[in-house]
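Coordinate inspection notes
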Amino acid sequence: MRNHTAVTFTAIAAAGGALALLAVTPAQAAEYSSPLKVRGIQYDAPGRDSNRCSGGNTHKEYLAIKNYSSSRTVNLKGWVVKDAAGNRFKFRANHYLQPGDGVKLRGGNGRDSDADNVVYRDNCNFMWNNDKDTIYLVKSSGSRADVHKYTKSRNDRDGNGYITYHG
């Protein structure tokens, strides 16, 4: 879900209708009430796509998740990331995100690290499509935390394979 800003105009007539005041108020898109949001996605790994576990580049494809809360620590255990085709990853181990902290969920194999804020999917297949896809971030309770649809032509203006969402 991409945030589009709409503008609402309200005219208020003053005494006798002689003066009108124009107020501009931005209308925000609906947001899920979750401290965790998708910060960005490297949906197209740099280089030629190769999903070989040895020498491939699936580890260069990642989803960045950030805790936007100013006071709440969130454990990712039980949270799910999935795409439109039903590819999914479930965080099975404790991984705590302090307020303002983030994590990169990378493809390929590697060692998960709280210190380096990285979790590997331990799957050498690419998860995200290079032309278009939908990203779902789902809480351990099963409710949605964040959703974004993207297309390469509309959302990746510089063509580098990375899209920023909640900055």
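You'll find the structure just up there.
If you're wondering where the values come from, they're calculated on a predicted model, not measured in any experiment.

So, about the sheet that holds strand β9 (residues 102-106). Strand order across the open sheet formed by five strands is β10-β9-β4-β3-β13, with mixed pairing between neighbours. What marks the edges here is a single partner per strand, and that holds for β10 (118-120) and β13 (162-164). Within this sheet the neighbouring strands show an average axis-to-axis angle of 25°, counted without direction. Sheet analysis places strand β3 (residues 36-42) next to β13, joined by three bridges and oriented antiparallel. Bridging across to β13, isoleucine 41 finds its partner in isoleucine 163.

This part covers the environment of valine 119. With respect to the secondary-structure elements, valine 119 resides in strand β10. On the accessibility criterion, valine 119 (4% relative accessible area) is buried. Sequence spacing of valine 119 and histidine 95 is 24 residues, and the spatial spacing of their C-alpha atoms is 8.6 Å. In this structure, valine 119 is in contact with Phe89, Phe91, His95, Val103, Lys104, Leu105, Arg106 and Asp112, ignoring residues within four places of it in sequence.

What follows covers the pairing of strand β12 (residues 144-151). With six of eight residues buried, β12 is to be regarded as a mostly interior element. The pairing of strand β11 (residues 132-138) with β12 spans seven bridges and is classified as antiparallel. Within β12, the position partnered with lysine 132 by the bridge is threonine 151. A loop of five residues connects β11 with β12, the two strands running antiparallel in sequence, and glycine 142 in this loop sits at a positive phi of about 100°.

Definitions and cut-offs
- Along each chain, residues carry numbers from 1 onward, in the same order as the chain's sequence is written.
- Given that this is a predicted model, residues contribute local features only at a pLDDT of at least 70 and side-chain atom pairs are listed and counted only at 80 or more, while totals for whole chains, interfaces and linings are drawn from all residues.
- Neither water nor hydrogens contribute to the side-chain values; these are computed over all heavy atoms in the structure.
- Strands are labelled as partners when DSSP assigns at least two bridges between them.
- Numbered from the N terminus, helices here are DSSP runs of H or I no shorter than four residues, and strands are runs of E no shorter than two.
- Whenever a helix is involved, its axis is fitted only over the stretch in contact; in every case the axis is a line through C-alpha atoms, and angles between N-to-C directions fall within 0 to 180 degrees.
- Relative accessibility thresholds used throughout: buried, under 20% of the residue-type maximum; exposed, over 50%; partly exposed, between the two (1.4 Å probe, protein chains only).
- In this analysis, two residues are considered to be in contact whenever any of their non-hydrogen atoms come within 4.5 Å of each other.

So, to be careful, I would describe these as geometric facts and stop short of saying anything about function.
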